[in-house]
Amino acid sequence: GEDYEAMLTMCDRYLSMEASLPEGESEWLLQQKLVALLQSKRAEEALVLLEKAPDDKVFNEQRVLIMLELGETDRAIAFLEEWSAISGDREQTIRLQVRAYRDARNVEAMNERLAVLRKMRPADPRTLAYAVVQQYLAEVPELARASLDDFFFRFSGFEANMKMIAAPLAEIGAVELL
């Protein structure tokens, strides 16, 4: 196993010399410290650390994922709404919103964001495959089945598309959809 305490000690040592670090090094060290905190099951400390992190898409995504891990779904949704208002509808924020709404059991809002994602990339079967998985994880199998039917209607059963949809469904145990 990893010695996360040693990693944290080293990160803190170098972060204390932030003024003399080359550009970009402090962000990298901050990312390493986050990894060590998360791997050592210290999500609360990681979230506190992220409050001081730069406003950046990598750190923002980590903020949201940690909030969701800690069960702070409403806080994650509010953060995502602010982030999306500033950056616009981007695939990254939409996917995170889908996850947050799924965790909040707000299927209607989740499906609205899935629709936005599909409109962004209507010819990409991955967006519809993502919808199937998210709807199944949201415990709405009838919606997942309808999206799966739509997937096959739009993109047919070519081998590549079958693999694309079968792998995540098998991973989440949705074998009845296969």
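This text follows the structure it describes.
Residues numbered from 1 in each chain as written. Predicted model: local features only at pLDDT ≥ 70, side-chain atom pairs only at ≥ 80, totals over all residues. Heavy atoms only, no water.

Kindly report on the side chain of Asn-60, identifying the contributing residues and their values.
Along the chain, the position of Asn-60 falls in helix α4 (residues 57–69). Contacts of Asn-60, omitting those with residues within four sequence positions, involve Asp-55, Phe-79 and Trp-83. (Helix = DSSP H or I, 4+ residues; strand = E, 2+ residues; numbered from the N terminus. Contact = heavy atoms within 4.5 Å.)

So, the packing of aromatic side chains: which residues are in play, and what are the values?
Between two aromatic rings, the relevant description is the distance of the centres plus the angle of the planes. Counted by the stated rule, this structure contains three aromatic pairs. Measuring from ring centre to ring centre gives 6.2 Å for Phe-79 and Trp-83, while their planes differ by 55°; the resulting arrangement is tilted. Here the residue Phe-79 and the residue Trp-83 both occupy positions in helix α5 (residues 73–87), the gap between them amounting to four residues, near one helical turn. Like Phe-79, the residue Trp-83 is buried in the burial classification. (Phe/Tyr/Trp six-rings, centres within 6.5 Å; stacked < 30°, edge-to-face > 60°. Buried < 20%, exposed > 50% of the residue type's maximum accessible area, 1.4 Å probe, protein only.)

Pulling in residues and values, what's your account of the pattern of salt bridges?
Using the criterion set out here, one finds 15 salt bridges in the structure. Two residues, Asp-103 and Arg-99, come together in a salt bridge whose shortest N-O distance is 3.3 Å. In this pair, Asp-103 and Arg-99 are both assigned in helix α6 (residues 91–103), four residues apart and thus about one turn of the helix distant. When its relative accessible area of 29% is taken as the criterion, Asp-103 is described as partly exposed. On the basis of relative accessible area, Arg-99 is assigned to the partly exposed category, the value being 27%. A salt bridge links Asp-103 to Arg-102, with the shortest nitrogen-to-oxygen separation between them at 3.4 Å. For Arg-102, a relative accessible area of 15% translates into the label buried. If you follow the salt bridges from partner to partner, you end up with Glu-91, Arg-95, Arg-121, Asp-124 and Arg-126 in one network. (Salt bridge = Lys/Arg side-chain N within 4 Å of Asp/Glu carboxyl O.)

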